[in-house]
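Remarks on the overall topology
Here is how the chains run, residue by residue.
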Amino acid sequence: MATVSPAWHYTLQLPRDPRSPGIGRATVRTVLAARGLAGAIPAAELVASELLTNAHQHTKGPYTLRIVQIGEPDRFRVAVWDTDPRVPVGFRVDGASVDAPPADGECGRGLHLVRACADSLGVSVLRELGASKGGKLLWAECQWGGLG
């Protein structure tokens, strides 16, 4: 008789601390390695790094990392929730284009890296306070078709 493994998800709440993005990256590495998705680690770690760093730089409160299996065993979502409801330009659905950063610029490449590494991305704005605590959830979906 065939067995079906239940979908998996991991959630890590992080304080607003400069070490938190690094802890989040280490968590992504550990989770994906344990799930047999070692080949997906570099891209997923980069996505998580950019989303976590964005949360750290642009919010004053804690943030949360989620890694969630979506349907197929090798498809997952990396998501970061933070307390700021403002959506970065590249995640907006209003058709705003995302210009490439200047070649000599020291920042502004994060969203381009996320777009290059993810199969799709999106945002959920959580406007109601209470159980959701408001804020936003930025996410990127990845799929890795190789062997772990």
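Preceding this section is the structure that the text describes.
Residues numbered from 1 in each chain as written. Predicted model: local features only at pLDDT ≥ 70, side-chain atom pairs only at ≥ 80, totals over all residues. Heavy atoms only, no water.

This paragraph deals with the pattern of salt bridges. Note that side chains of opposite charge can pair when their charged atoms are close. Counted under the stated rule, the structure contains 7 salt bridges. The partner of Glu 141 in a salt bridge is Arg 77, with the nearest N and O atoms 2.4 Å apart. Residue Glu 141 is found in strand 5 (residues 136-143), and its partner Arg 77 is found in strand 3 (residues 75-82); the two are separated by 64 residues along the sequence. By relative accessible area, which is 9% here, Glu 141 ends up buried. Residues Asp 84 and Arg 86 are paired through a salt bridge, measuring 2.6 Å at the closest nitrogen-oxygen approach. Where salt bridges share partners, they join Arg 75, Arg 77, Asp 119 and Glu 141 into one cluster. (Salt bridge = Lys/Arg side-chain N within 4 Å of Asp/Glu carboxyl O. Helix = DSSP H or I, 4+ residues; strand = E, 2+ residues; numbered from the N terminus. Buried < 20%, exposed > 50% of the residue type's maximum accessible area, 1.4 Å probe, protein only.)

For the rest of this paragraph, the subject is helix 1 (residues 20-34). When the terminal C-alpha atoms of helix 1 are compared, their 21 Å separation across 15 residues agrees well with the 21 Å that a helix rising 1.5 Å per residue should span. Along its buried surface, helix 1 packs onto strand 1 (9-14), helix 2 (41-58), strand 2 (63-69) and strand 3. Residue Gly 36 follows helix 1 closely and has a positive phi angle near 75°. (Expected span 1.5 Å × (residues − 1). Contact = heavy atoms within 4.5 Å.)

Here we come to the sheet that holds strand 1. Two pairing modes exist for strands in a sheet, parallel and antiparallel, and in both the strands are linked by backbone hydrogen bonds. One open sheet accounts for 5 strands, arranged 1-2-3-5-4; its pairing is antiparallel. Each end of this open sheet is capped by a strand with a single partner; those strands are strand 1 and strand 4 (120-125). Geometrically, the sheet is characterised by an average inter-axis angle of 15° between neighbouring strands, direction not taken into account. As defined by bridge partners, strand 4 adjoins strand 5 across 6 bridges and the pair is classed as antiparallel. (Pairing = 2+ DSSP bridges. Axes fitted to C-alpha atoms, helices over the stretch in contact; angles between N-to-C directions.)

At a minimum axis distance of 9 Å, the contact between helix 1 and helix 2 shows a crossing angle of 150°. By the angle class used here, helix 1 and helix 2 are roughly antiparallel. Crossing of helix 1 against helix 2: the hand is right-handed. Seen from helix 1, the contacting residues are Pro 21, Gly 24, Arg 25, Val 28, Arg 29, Leu 32 and Ala 33; seen from helix 2, they are Ile 41, Ala 44, Glu 45, Ala 48, Ser 49, Leu 52, Thr 53 and His 56. In terms of residue class, the contact of helix 1 with helix 2 is built from 8 nonpolar, 4 polar and 3 charged. (Parallel < 35°, antiparallel > 145°, perpendicular 65-115°, else oblique. Left-handed = near helix turned anticlockwise from the far one by under 90°. Nonpolar A, V, L, I, M, F, W, Y, C, P; charged D, E, K, R; others polar.)

The buried count for strand 5 comes to 6 of 8 residues, which makes it a mostly enclosed element. In this sheet, strand 5 lies alongside strand 3 in antiparallel orientation, the contact comprising 8 bridges. Across the sheet, residue Arg 77 finds its bridge partner in strand 5, namely Glu 141.

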